[in-house]
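An overview of the molecular structure
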Amino acid sequence: MPSINQPFDSTLEDVIFNYLDNNTDTNKIYICVAYAKLSGVNRIYDRFSHLITSGTEIIMTVGIDQRNTSYEALNSLLNITSNLYIYHNRSLSVTYHPKVYYFENSTNSLMITGSNNLTAGGFYINDEVFSYFENEPSSASFINNIENRYTDTSSDFCMEATASLIEDLLEQNYICREADISISRTSTTSESTEVGEHIFGSSTPTRRINSGDVSSTASDSDTEVHTDSFSSENDDDFESELTLEFDEENVINASSFWKVLSDNDVSTSSSPGQMIIPIGFSNYFNFGPTSLTRSGAEQSEHLYSSQVIFIDSTGTIISQNHIPTTRTVYYIPAPTHARQNSEVRFTFRNNIYQRTSTQDIILFEPHLPTETEPYEYIIYIIAPGSTLYNAIRTSASQRYGEIASTLVYRYI
């Protein structure tokens, strides 16, 4: 039973992906987690898409307490699961908090349990502790009990997810969009954040009586009250000491993504103005219908308005430009193309790209358009040397990641 102190020994992502690499015939996956964000779902999306297409049964139960699981994450999980369940107890005294990952085929199994949620922080960045059990005879029966409990839709606390239910949960204030999750600790843990219609039940259990207890029944004073609602798991992909006061389970979501610009991204000769976005961030864009190019490639695009903000090495805003039309394309090469790598391509569609430099950070933050601010994204171009740059990119090996927008607001 190896025990892992992430990220020092290994990561949850490494353990899971190593198992899947060595067990390509995995036929069942059950995952039971308290919270899910796009930053975590994106890490598994491609692999699980392939598995579900190949016939693997993938079942997940995800909690939505404190509105820390996002609308976007749930919708993405619908695409890569056989059955997706949502578990929630409206009682403020109870938090749905398990983190269990289970994989099996006809000969091998892997069970992981620890502190890791389905977020980028939980998968490979945060300080987490977990243990894993390979081919443990008791794992199957344990998982069977857990799965039966947390997929039981006859209870008041469990519902099988559908697109319609997820919309209802958003409308009734049980969940938020990633860009809208509040950073207010009180608003996520008090009765002041009222949901609408009561979709889930509410129950406060009494404490289980241990053999050392004098009483044989639990009195009101024995009622268990959870005190772990403010745990320190952070969903920032790349933490610095400046972001530690924001913790995932109360306030934060990875609502923006960034990358370091390469020589090709800023080239004025090779596809000028076009930059390659890591494909894992494709869910940040609302791509339209797919069309075929003359070469047989497939592509879908998202045209949108952006506010582009340039920040110099001192952290000062040196210009702000409203660009009515920017463009992102999801590109799938033609079957005959020598390089079969799908890409997400971003284009400024004007000469503003000429002001970018290699090693600059480009950061995309979704924005809700208003009459006075009619743009869908704020795009920051951040020069090396600023405090903000160093807070986002904490080591030279980091080329891209996701962060909370609140980190940016601290410095501008």
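Preceding this paragraph is the structure being described.
Values in this document were obtained by computation on a predicted structure and should not be read as measured data.

1. Some thoughts on unusual backbone geometry
Of note, the amide linkage connecting Gln6 to Pro7 takes the cis form, showing an omega dihedral of 0°. Topologically, Pro7 is positioned in the loop between strand E1 (3-6) and helix H1 (12-22). At Gln359, a position not held by glycine, the phi torsion is positive, near 85°. Following the sequence through the fold, Gln359 ends up in the loop between strand E14 (343-347) and strand E15 (361-366). On the basis of relative accessible area, Gln359 is assigned to the partly exposed category, the value being 29%.

2. A few points about the sheet that holds strand E3 (residues 57-63)
With mixed pairing, the eight strands of this open sheet are ordered in space as E1-E7-E6-E5-E2-E3-E4-E8. Of all the strands in the sheet, the pair left with one neighbour each is E1 and strand E8 (158-160). Across the sheet, the mean angle from the axis of one strand to that of its neighbour is 15°, orientation sign disregarded. Here E3 runs beside strand E4 (residues 83-87); their pairing, made up of five bridges, is parallel. Its bridge partner being in E4, Met60 is matched across the sheet by Leu84. Helix-sheet contacts for helix H2 (residues 38-53) involve strand E2 (28-33), E3 and strand E5 (99-104), and the interaxial angle to E3 is about 140°.

3. Some details on the pattern of salt bridges
Across all of its chains, the model carries six salt bridges by this definition. Residue Arg43 pairs with Glu13 through a salt bridge whose shortest N-O separation is 2.8 Å. Within this pair, whereas Arg43 is found in helix H2, its partner Glu13 is found in helix H1, the two being separated by 30 residues in sequence. Of the residues examined, Arg43 reaches a relative accessible area of 26% and is grouped as partly exposed. Under the relative-accessibility criterion, Glu13 is labelled buried at 11%. For Asp265, the salt bridge goes to Lys259, with nearest N and O atoms at 2.7 Å.

4. Notes on the nonpolar core
Core analysis: the largest hydrophobic core is formed by 44 residues, its most contacted members being Phe48, Tyr101, Phe103, Ile112 and Leu118. With six residues, the top contributor of residues to this core is H1.

5. Concerning the packing of aromatic side chains
Under the criterion given, the structure shown has 19 aromatic pairs. Summarising the aromatic geometry, the rings of Phe285 and Phe364 are spaced 5.9 Å apart at their centres and angled 80° between planes, so their arrangement reads as edge-to-face. With a gap of 79 residues between them, Phe285 in the loop between strand E10 (274-277) and strand E11 (291-292) and Phe364 in strand E15 connect regions that are remote in the sequence. Aromatic ring contacts, followed pair by pair, group Phe257, Phe281, Tyr284, Phe285, Phe287, Tyr304, Tyr330, Phe346, Phe364, Tyr377 and Tyr400 into a single cluster. Stacked on the ring of Tyr331, the Lys or Arg Arg345 has its end atom at 3.8 Å from the ring centre. One residue, Arg355, lies across the ring of Phe310, its end atom 4.1 Å from the ring centre.

6. Considerations on the packing of H1 against H2
Two numbers describe how H1 lies on H2: the axes approach to 12 Å, and their chain directions differ by 20°. As judged from the angle between their axes, H1 and H2 are roughly parallel. In this structure, H1 crosses over H2, and the sense of that crossing is left-handed. Listed contacts from H2 to Glu13, Phe17, Leu20 and Asp21 of H1 are Arg43, Ile44, Arg47, Phe48 and Leu51. Its residues assigned to classes, the contact of H1 with H2 shows five nonpolar, no polar and four charged.

Rules and cut-offs
Residues numbered from 1 in each chain as written. Predicted model: local features only at pLDDT ≥ 70, side-chain atom pairs only at ≥ 80, totals over all residues. Heavy atoms only, no water. Helix = DSSP H or I, 4+ residues; strand = E, 2+ residues; numbered from the N terminus. Buried < 20%, exposed > 50% of the residue type's maximum accessible area, 1.4 Å probe, protein only. Pairing = 2+ DSSP bridges. Axes fitted to C-alpha atoms, helices over the stretch in contact; angles between N-to-C directions. Contact = heavy atoms within 4.5 Å. Salt bridge = Lys/Arg side-chain N within 4 Å of Asp/Glu carboxyl O. Core = buried A, V, L, I, M, F, W, Y, C linked by side-chain atoms within 4.5 Å. Phe/Tyr/Trp six-rings, centres within 6.5 Å; stacked < 30°, edge-to-face > 60°. Lys NZ or Arg CZ within 6 Å of the ring centre and 35° of its normal. Parallel < 35°, antiparallel > 145°, perpendicular 65-115°, else oblique. Left-handed = near helix turned anticlockwise from the far one by under 90°. Nonpolar A, V, L, I, M, F, W, Y, C, P; charged D, E, K, R; others polar.

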